Amino acid sequence: MSQARPVRLVVGREVAERLRAKSFVISTAIYLLLAMAAVVVPHLVGDADTRPLYGVGVAGDGAATFERAAGELAPTFGVDLRFERLADARAAEEAVRDGSVDVAVVDGRRALARGGPPARLAAVLEAATYQARLADGLAAAGVSAQQAAALLRPTELRFERLAGDRPLRTSNRPLAFAGILVIYLLLLTYGFTVANGVLEEKSSRVSEVLLGTLRPAQLLGGKVVGIGVVALVQLVVVGVPAGVTAVVLGGSLSVPAGSALTVASIVMWAVLGYAFYSCLFAAAGAAAARPEDVGNATAPITVLILLTYFLAFASIESPDSTLARVVSFIPPMAPMTMMPRAAIGNVAAWEVPLSVALLLVMTYGTVRLGGRVYAGGMRRPGPRLKLREAWRAAGS
């Protein structure tokens with residue numbers, strides 16, 4: 001019998017048993033209802049008259065005229081504007097860089113922004129520029145036909161991206177937040193599933209029969225992969241209908257560019273995170289003796305996941321900060337911290353591959369460590385074992 005066939009048999013057994021379980025059907029139905037509610041409810045209760053608010057800095061000549069014109073035009077374009085008077089062009093650049101305004105208009109001719117502004121905001125500013133010039137011209141005495149024609153000619157507002165700045169993709173923030181939540185729930189839910197599944201086999205002595213024909217590594221690998229397949233099935237059953245509904249309701253729920261790549265990134269990091277943590281949960285379950293022991297045995301793993309969950313929000317709020325950069329390269333934290341950084345912030349081409357490589361290296365070490373502890377724990381039924389005792393039991 002080939003080395004892979006026993007693993008496939010264990011995988012098939014795990015998948016068949018867990019997909020038929022009532023707990024899987026009920027939990028999937030609950031998750032699907034929650035996901036659909038999160039997509040549909042904002043569409044139903046959303047206020048169609050709600051207008052986005054943008055901060056606009058104005059500086060230089062004609063600032064008052066431009067501000068008045070833009071304020072009058074804003075409702076027509078379906079936006080609200082918050083104006084901030086700035087001393088000069090340098091102050092305008094600083095205001096854009098620190099995020100106190102979304103765009104700054106200098107002398108009624110230049111617009112500074114960290115990236116391309118939303119279409120409606122750009123349209124308002126361009127129309128206000130034209131109207132301000134027209135108002136100033138008509139206010140001057142002795143307007144000639146040539147001057148009037150020049151004033152009536154549409155003027156394109158030239159947007160300049162400040163040197164060295166790359167815009168944050170804030171439109172991906174809701175999707176990145178959802179991805180963090182999905183990975184967090186996946187690691188905890190199916191991590192405990194792995195731990196409890198291992199303990200059930202150990203308590204029922206099924207493991208003794210299985211280990212008579214399978215090596216511990218094969219049994220562990222089959223169980224981890226099988227439960228992972230069940231997790232993936234549940235993710236697809238819940239995520240696909242919710243995603244399709246979000247696209248159908250695109251009139252009120254915008255789907256930003258690059259969403260497909262972000263979703264692929266979420267799936268990749270979820271798989272890598274599960275592969276890493278499932279071996280730890282399996283080892284903890286093998287070391288436990290009763291269901292009551294699972295909570296204590298898995299407590300350090302749970303605390304690490306919870307800490308990473310909170311750090312992931314720092315990555316969302318400040319994806320280019322030093323803290324976000326550091327934790328995205330720490331393997332146990334990478335699944336929930338590198339993903340939002342890549343989706344929202346500005347990561348170099350080498351950062352994601354390096355983070356993945358580090359996680360894979362540590363996962364390999366975890367598989368070796370977890371496999372040995374798993375083997376020792378499964379061979380020593382009875383009272384709860386310490387990790388050192390399980391390690392020694394594997395070699396005996």
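Refer to the structure presented above.
No experiment lies behind these values; they were computed from the predicted model shown.

**Let's talk about a nonpolar patch on the surface**
And step 1. There is a patch of nonpolar side chains on the surface, built from V182, L232, L235, V236, V240, V244, V248, V263, V267 and V271 and spanning about 770 Å² of accessible area.
And step 2. At the level of secondary structure, the elements contributing two or more residues to the nonpolar patch comprise α9 (216-248) and α10 (259-287).
And step 3. Of the residues forming the nonpolar patch, the biggest block, six residues, is contributed by α9.
And step 4. For V271, the position within the fold is in helix α10.

**Here's the deal with the environment of A89**
And step 1. As for its position among the elements, A89 is in helix α4 (residues 89-97).
And step 2. Using a relative accessible area of 29% as the deciding quantity, one classes A89 as partly exposed.
And step 3. As a C-alpha pair, A89 and L112 span 23 residues in sequence and 9.4 Å in three-dimensional space.

**Things to note about helix α12 (residues 299-317)**
And step 1. Compared with an ideal rise of 1.5 Å per residue, which puts 19 residues at 27 Å, α12 spans 28 Å between its outermost C-alpha atoms and is within 8% of the ideal.
And step 2. Among all positions in α12, only I301, I305, T308, Y309, L311, A312, S315 and I316 are buried.

**Let's talk about the environment of L307**
And step 1. Mapped onto the elements of the fold, L307 is located in helix α12.
And step 2. Here the alpha-carbon distance between L307 and M333, two residues 26 residues apart in the chain, equals 8.6 Å.

**What about the environment of G228?**
And step 1. Secondary-structure assignment places G228 in helix α9.
And step 2. For the pair G228 and S278, spaced 50 residues apart in sequence, the C-alpha separation works out to 8.8 Å.

**Details of the pairing of strand β1 (residues 53-59)**
And step 1. Among the seven residues of β1, six are classified as buried, and the element is accordingly described as predominantly covered.
And step 2. Note that β1 and strand β2 (residues 80-85) share six bridges and pair parallel. Bridge pairing links V58 to R85 in β2.
And step 3. On the question of chirality, the crossover connecting β1 to the parallel β2 by way of helix α3 (residues 63-73) is right-handed.

What counts as what
- Residues numbered from 1 in each chain as written.
- Predicted model: local features only at pLDDT ≥ 70, side-chain atom pairs only at ≥ 80, totals over all residues.
- Heavy atoms only, no water.
- Patch = residues over 30% accessible without salt bridge, like charges linked within 9 Å, V, L, I, M, F, W, Y side chains within 5 Å.
- Areas by Shrake-Rupley, 256 points an atom, 1.4 Å probe, with all protein chains shown as cover.
- Salt bridge = Lys/Arg side-chain N within 4 Å of Asp/Glu carboxyl O.
- Helix = DSSP H or I, 4+ residues; strand = E, 2+ residues; numbered from the N terminus.
- Buried < 20%, exposed > 50% of the residue type's maximum accessible area, 1.4 Å probe, protein only.
- Expected span 1.5 Å × (residues − 1).
- Pairing = 2+ DSSP bridges.
- Right-handed = clockwise from strand over helix to strand, strands pointing away.

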